[in-house]
Amino acid sequence: MSLVAGHGSPVAAWAVSVVALELFGAALHLAAFGVLGTLLTVGAGMLAVLVVLIRRDTQPSAINTIGAALWLLAATWLGPFGAMALALLVGSAVLSYLRQASRPRLIDRPRDPHEQPPDPRRVTWETKLAAPGKPLQGVTLGPITAVPGGWSAPYEVEPGDQQASLVVQRVGNVASAYRASISQVMPEPSDTDNAAGRLTVIARDNLAQVRTLEDDGPSIDLETGKARVGYFGDLSPTHTLYWTSTGGAAFALTAGDSNSGKSRYVETDLALAHDCPLIGNVLLDAQDGSSQPDFADAVPLYAEGVEECFETLQALDFVLRRRAWRVAHPGPWIDAQGRERTRGKPFLLPGDPDLDSMELLNIVLEELPMLLTDDTYGKRTTKILANGAKTWRKAGGRVHGVVQLPDLAELKSQAFRAQLRGNGTVVAFRTSARVAQSQLGMAADPSKLPQFFRDGSKTHGLAYIASVDRRHATFRGLLTADPFSIAQRPAKGGLSQVTLDLLEEYRAQKRKGRAPKPPKLRVEPPAPGDVQAAVEAALARAGGPLDLASIGFAVNEAVPGCPLSAVKDALRRGVADDTVIRIGDGYEAVDRG
């Protein structure tokens, strides 16, 4: 019938086909091919076209047209002729027209105004990625929603046959299908359903814009220990933890090749802690001071070179062991429910008045493998840090290890590496080795991070992060525009008096040639007269009945660390001396007026 499969008039298409065939045959005949040559040449050509169309699953109308042309070619030489030929020719045209006219013509069907056209993003997914034989065969894409600069959708793999991490492994195929770079595609497996996840595709390079710490102005939340350190590809904020209200200090592990932005991220970490009143920075630079020169003179405790760093680690171990004992034995104290507690606390929260307002120590270990692999100090350093990773957290010691490649050849202790990556924030900048993915326990592969954005600018600060946000996704860290200016500002925090005293005690014992050991601290009980006076003053200020918990809190303001048992003894003496009267569950001062 028609080579254009339903477009235009069927009769016109048929007539054009016949006329073209006849003209072609006549031209060949006139060119002295002869009868047999014309038949063979034209027939072979038309037969070849017919075979190609059948193999390509071409619509029947085109196949029928070629078949009819072959019949006409043979009829030219074999018959029939005359009226019979004319009748057959007209009859075939009429039948072809009727058959074509009876077919539904999509082009003429009126379109439903309520029908939505297929989403090209979903079409791409279903045809290029999830179709049979494709990289993500059987993976379904959920409802698509808009995010800044792109879109996001949940996905689900075949339960039992596939895992959600399959999309992470095929991130290159996804980026290719959507004509994006890997940095613009963020597959994030669910941490509660191993058959589900979320895919985010950013059409533009949202992260190509450099965002600075000074302009963004983040700070550490004093209640949660959380701070914003950058933005994900969909421009939602990225956070890290310095401590948690349920577990104390939170560790950190940062890995990445040179020139990936790793050191700039550590600058941000130090700058945020520099401006926090509950943190004292400790910087140990095994690379002889070249890693963080802007903060070298700004932190309260600094060491450079392997030997000096090792000696400072010994001092920190002494201090934190003493602090840990103090946390466990603060003397009797009153909890938030007004209950007397005779044992210590499970961990230090920075600034806790029951623990002398001790600070969090942010211990940044630059070029950590140089310490751990040193021939002279490596084994002893590894032992200190492996033990410290288990005990320092409760005493307010936050360890932030900075490495290029986090393998056991570099970190030496598997337990130490596991503590670093399992108790806080893990950041992976671009690495040259694919094994960094499994060593860091991340879903994404940092070796696939690009070196340049699509606009040609470098991807300094682009990384994968696993943190409190629970997203194994691409983010770009906030960069410090002028770290030296930040470092020159007076620190809002610093080392507490308790820490300074313990450091001096360690140094004094070293000067005497002793091996410093943390002795136990004795907590002197408060004098009964002081407690009695504080109870009477609290009741006099109240001007009415107070319950035991309120009296206990008031007394602790005047006599820090006063146990509830001492408060009860003072109340009993007051009742006996007729200076205090008990009213129900409360107490009131006797009015002598």
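In the block above lies the structure referred to throughout.
Described in the following lines is the structure provided in the data block. Not measured: the values here are computed from a predicted model. (Residues numbered from 1 in each chain as written. Predicted model: local features only at pLDDT ≥ 70, side-chain atom pairs only at ≥ 80, totals over all residues. Heavy atoms only, no water.)

**Here we look at helix 4 (residues 120–129)**
Definition in use: When accessible area is computed with a 1.4 Å probe and restricted to protein chains, residues below 20% of their type maximum are described as buried, those above 50% as exposed, and intermediate ones as partly exposed. Under the scheme used here, helices are H or I runs from DSSP no shorter than 4 residues and strands are E runs no shorter than 2 residues, and both carry numbers assigned from the N terminus. This arc is taken over the directions from the axis of the helix to the C-beta atoms. Contacts between residues were defined by any pair of non-hydrogen atoms, one from each residue, lying within 4.5 Å. Under this definition, polar contacts are N or O atom pairs within 3.5 Å; protein pairs additionally need one hydrogen-donor-capable and one acceptor-capable atom, and for neighbouring residues in sequence, both atoms have to be side-chain atoms.
Here helix 4 has its buried residues at Thr 124, Trp 125 and Leu 129. Along the axis of helix 4, the buried residues cluster in a sector spanning 100°; they form a single face. Tucked inside the fold, the buried residues of helix 4 contact strand 1 (140–141), helix 6 (171–177) and strand 5 (196–202). Among the residues of helix 4, the N-terminal cap falls to Asp 119, whose side-chain oxygen and the backbone nitrogen of Arg 121 are separated by 2.9 Å.

**Description of the sheet that holds strand 22 (residues 586–589)**
Worth spelling out the cut-off: In this description, strands pair whenever DSSP reports at least two bridges between them. Comment: axis = line fitted to C-alpha atoms, over the contacting stretch for helices; angle = value between 0 and 180 degrees taken between N-to-C directions.
An order of 20-22-21 is seen for the three strands of this open sheet, with the pairing classed as antiparallel. Lying at the two open borders of the sheet, with one neighbouring strand each, are strand 20 (546–547) and strand 21 (580–583). Where strand 21 meets strand 22, four bridges bridge the pair, whose relative direction is antiparallel. Each bridged residue has a counterpart across the sheet, and for Ile 583 the counterpart in strand 22 is Gly 586. Contacts from helix 17 (residues 528–542) reach strand 20, strand 21 and strand 22, with the element oriented near 85° to strand 22.

**Remarks on unusual backbone geometry**
At Asp 288, a position not held by glycine, the phi torsion is positive, near 55°. Checked against the element boundaries, Asp 288 lands in the loop between strand 11 (279–285) and strand 12 (301–304). We note that Glu 367 has phi near 50°; this positive angle belongs to a residue other than glycine. Inspection of the secondary structure assignment puts Glu 367 in the loop between strand 15 (360–366) and helix 10 (368–372). Exposure remark for Glu 367: the relative accessible area of 16% places this residue in the buried category.

**Notes on the sheet that holds strand 7 (residues 237–241)**
The strand order 7-6-19-18-17-10-16-15-11-12 describes an open sheet built from 10 strands, whose pairing is mixed. Two strands bound the open sheet, and with one partner strand each, they are strand 7 and strand 12. Averaged over neighbouring strand pairs, the angle between their axes works out to 30° when direction is ignored. Looking at chain direction, strand 11 and strand 15 are connected through seven bridges and run parallel. If you follow Gly 280 over to strand 15, its bridge partner there is Leu 361. In the packing of helix 9 (residues 306–328) onto the sheet, contacts are made with strand 11, strand 12, strand 15 and strand 16 (397–403), and the angle to strand 12 comes to roughly 145°.

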